[in-house]
Amino acid sequence: MNFLPMPHVIHEREGFFQICWNTPIVLFRNTAPGALMWARMLRDEIEKSTGLHLQILRGEVNEAGVIGLEQDETLPADHCSWQVSEDGILVRGGSDEALLHGVCSLRQWI
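Keep in mind the model is a prediction, meaning the values are calculated, not measured.

Q: I tried to follow the nonpolar core on my own but got confused; where do I start?
A: Among soluble globular proteins, nonpolar side chains are generally buried collectively. The biggest cluster of nonpolar side chains holds 17 residues, and the ones touching the most others in it are Ile 25, Leu 42, Ile 67, Leu 69 and Val 91. For this core, the elements supplying multiple residues, two or more each, are strand E1 (25-28), helix H1 (35-50), strand E3 (66-71), strand E5 (88-93) and helix H2 (96-109). Top contributing element to this core by residue count: H1, with five residues. Not counting the four nearest positions on each side in its chain, Ile 67 is found in contact with Phe 17, Ile 19, Thr 23, Pro 24, Ile 25, Val 26, Leu 42, Ile 46, Leu 54, Ile 89 and Leu 106.

So, in structure tokens, the structure goes:
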């Protein structure tokens, strides 16, 4: 699959995460106010693709079974990543803008 922007590295692994009617999108600590807009964009894409209308919540990083958005200052400001496992999806960005790029890539994948 081709993404815009194209990721530098993709690691494919076994397994998947199934988005269900009760899967929330969680804004983790350190997310800027703009992250609510990114979460809404993601929620709308999921609803358009699956018919599921997910809740958007605030929470902690260690929650399982969620789609989490986190601004992580340990990443360079222009870097983002997303990890998909059986426990959930975590989108991380070194800045609010990088988090948006991660959400946009995930939206393309969905």
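Q: Could you clarify how one ought to interpret a nonpolar patch on the surface in this entry?
A: Judged by side-chain polarity, Val 84, Trp 109 and Ile 110 come together as a nonpolar surface patch covering roughly 240 Å² of accessible area. Mapped onto the fold, Val 84 is located in strand E4 (residues 80-85).

Q: Sorry if this is basic, but what is going on with the packing of H1 against H2 here?
A: If you want to describe how two helices pack, look at the angle between their axes and the distance between the axes. Two elements in contact, H1 and H2, have axes whose closest approach is 10 Å; the angle formed by their N-to-C orientations is 0 degrees. The orientation of H1 with respect to H2, classified from their angle, is roughly parallel. In this structure, H1 contributes Ala 35, Trp 38, Met 41, Leu 42 and Glu 45 to the contact, and H2 contributes Asp 96, Leu 99, Leu 100, Val 103, Cys 104, Leu 106 and Arg 107. Its residues assigned to classes, the contact of H1 with H2 shows nine nonpolar, no polar and three charged.

Q: Is there a simple way to explain H1 in this structure?
A: Each α-helix winds once per 3.6 residues, and so residues spaced three or four apart point in a common direction. Helix length check: H1 (16 residues) gives 22 Å between terminal C-alpha atoms against 22 Å at 1.5 Å per residue, within 8%. Every buried residue of H1 is listed here: Ala 35, Trp 38, Ala 39, Leu 42, Arg 43, Glu 45 and Ile 46. Down the axis of H1, the buried set is contained in an arc of 160 degrees. They therefore lie on one face. Within H1, the exposed residues directed more than 90 degrees away from the buried face are Met 37 and Lys 48. On its buried face, H1 is in contact with E1, strand E2 (56-59), E3 and H2. Positive phi appears at Gly 51, one or two residues downstream of H1, with a value of about 85 degrees.

Conventions adopted
Residues numbered from 1 in each chain as written. Predicted model: local features only at pLDDT ≥ 70, side-chain atom pairs only at ≥ 80, totals over all residues. Heavy atoms only, no water. Core = buried A, V, L, I, M, F, W, Y, C linked by side-chain atoms within 4.5 Å. Buried < 20%, exposed > 50% of the residue type's maximum accessible area, 1.4 Å probe, protein only. Helix = DSSP H or I, 4+ residues; strand = E, 2+ residues; numbered from the N terminus. Contact = heavy atoms within 4.5 Å. Patch = residues over 30% accessible without salt bridge, like charges linked within 9 Å, V, L, I, M, F, W, Y side chains within 5 Å. Areas by Shrake-Rupley, 256 points an atom, 1.4 Å probe, with all protein chains shown as cover. Salt bridge = Lys/Arg side-chain N within 4 Å of Asp/Glu carboxyl O. Axes fitted to C-alpha atoms, helices over the stretch in contact; angles between N-to-C directions. Parallel < 35°, antiparallel > 145°, perpendicular 65-115°, else oblique. Nonpolar A, V, L, I, M, F, W, Y, C, P; charged D, E, K, R; others polar. Expected span 1.5 Å × (residues − 1). Arc of directions from axis to C-beta.

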